[in-house]
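Below are the chains, spelled out letter by letter.
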Amino acid sequence: KQEVTQIPAALSVPEGENLVLNCSFTDSAIYNLQWFRQDPGKGLTSLLLIQSSQREQTSGRLNASLDKSSGRSTLYIAASQPGDSATYLCAVKGSQGNLIFGKGTKLSVKP
Amino acid sequence: DAGVTQSPTHLIKTRGQQVTLRCSPKSGHDTVSWYQQALGQGPQFIFQYYEEEERQRGNFPDRFSGHQFPNYSSELNVNALLLGDSALYLCASSFPGLASTQYFGPGTRLLVL
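If you're wondering where the values come from, they're calculated on a predicted model, not measured in any experiment.

With respect to the overall build of chain B
- Along chain B, the regular secondary structure elements total zero helices and 11 strands.
- Shown N-terminal to C-terminal, the secondary structure of chain B runs as helices and strands in the order β-β-β-β-β-β-β-β-β-β-β.
- By the compact-globule yardstick of 13 Å for 113 residues, chain B fits well, its C-alpha radius of gyration being 13 Å.
- Its C-alpha atoms give chain B principal-axis dimensions of roughly 40 × 25 × 25 Å.
- Counting the 113 residues in chain B, one finds 46% classified as buried.
- Contacts spanning at least 24 positions in sequence make up 52% of the contacts within chain B whose residues lie at least 6 apart.
- Counting every atom, chain B has about 5,400 Å² of accessible surface; 51% of that belongs to carbon and sulfur.
- Each charge sign in chain B was given a centre, from 8 positive and 9 negative side chains, and these centres are 12 Å apart.

Structure below.
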């Protein structure tokens, strides 16, 4: 059974700092991995999607990497801003097609 | 182009009641998936509908049922509500197949008293 773990559960950083969020999964037989952002009480916004054959994806200040063999992904946020404060969720898609999520990392960026 | 929409936004019910949540997929999408997100947890997959049939199901009891209409919109029904059913219910739409990205709606917040 696939399990997804995200560490840390919460993170507080000063504005301008670069930071890394971690995601690990137990079964390397994934189709793709996706990072989402969730603001309090809101739905999910897709940030980056990495196919199983890819190593990384970049969008603006965000960079996500994938090491399928070790079951790990990282989300790198450069020059963090208060507007980046949110919960970040990692999800893997297996052969069944549904997404399996971690519990998320709650990020707070202090001005 | 409207994204995924869900209704209602918030709902309060009492134990034992039944509830119906609705989802309209993103234009062009014909596959709808439902997820339950309890407070402080990641979303958990309930089921997926394609061509008006339930194609996959997560580890949820039969109290959770659904339907998909010919226009691809979908309903999630929960019978005999329990306090533990209080959660944010998320709908996601996509094209069929593993390569398709799921787009999420804003969710329906259900509170069971």
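From this point, the narrative continues.
Overview of the sheet that holds strand E1 (residues 5-7) of chain B
Residues and elements named next belong to chain B.
- Read from one edge of the open sheet, four strands run E1-E3-E8-E7, paired in antiparallel fashion. Bordering the open sheet on either side are E1 and strand E7 (64-68), each of which pairs with just one other strand. Going from strand to strand, the sheet's axes swing by 20° on average, the running direction of each strand aside.

A short note on the layout of surface pockets
- Looking at the largest pocket, its volume works out to about 550 Å³.
- Lining of the largest pocket is provided by 22 residues; of these, Lys1(A), Gln2(A), Ile100(A), Pro43(B) and Gln44(B) occupy positions nearest its centre.
- For the lining of the largest pocket, the secondary structure elements donating two or more residues are strand E1 (4-7) and strand E10 (99-101) of chain A together with strand E5 (44-50) and strand E6 (53-57) of chain B.
- A per-element tally of the lining of the largest pocket places E10(A) first, with three residues.
- Looking at the lining of the largest pocket residue by residue, the class counts come to seven nonpolar, 11 polar and four charged.
- Approximately 410 Å³ is the volume found for the second largest pocket.

Quick notes on the interface of chain A and chain B
- With 21 residues of chain A at the contact, the number on the chain B side is 20 residues.
- In total, about 1,600 Å² of surface goes out of reach between chain A and chain B, with carbon and sulfur atoms giving 53% of it.
- Across the contact surface, chain A and chain B share zero salt bridges.
- Between the two partners, chain A and chain B, sit five residue pairs in polar contact (both at pLDDT 80 or more).
- The set of elements that each furnish at least two residues to the side of chain A that touches chain B consists of strand E4 (32-38), strand E5 (44-51), strand E9 (86-93) and E10 of chain A.
- Sorting elements by how many residues they give to the side of chain A that touches chain B places E4(A) first, with four residues.
- Residue composition of the side of chain A that touches chain B, grouped by class: seven nonpolar, 11 polar and three charged.

Calculation rules
Residues numbered from 1 in each chain as written. Chains lettered and ligands numbered in written order. Predicted model: local features only at pLDDT ≥ 70, side-chain atom pairs only at ≥ 80, totals over all residues. Heavy atoms only, no water. Helix = DSSP H or I, 4+ residues; strand = E, 2+ residues; numbered from the N terminus. Rg over C-alpha atoms; globule rule 2.2 N^0.38 Å. Buried < 20%, exposed > 50% of the residue type's maximum accessible area, 1.4 Å probe, protein only. Contact = heavy atoms within 4.5 Å. Areas by Shrake-Rupley, 256 points an atom, 1.4 Å probe, with all protein chains shown as cover. Lys, Arg positive; Asp, Glu negative; His and termini not counted. Charge placed at Lys NZ, Arg CZ, Asp CG, Glu CD. Pairing = 2+ DSSP bridges. Axes fitted to C-alpha atoms, helices over the stretch in contact; angles between N-to-C directions. 1 Å grid on protein atoms, 1.4 Å probe; cavity = no way out; pocket = protein on both sides within 12 Å on 5 of 7 lines; lining within 4 Å. Points joined across faces, edges and corners; volume = space filled by probe spheres on them. Nonpolar A, V, L, I, M, F, W, Y, C, P; charged D, E, K, R; others polar. Buried area = accessible area lost by both parts, 1.4 Å probe. Salt bridge = Lys/Arg side-chain N within 4 Å of Asp/Glu carboxyl O. Polar contact = N/O pair within 3.5 Å; in protein donor to acceptor, adjacent residues only side chain to side chain.

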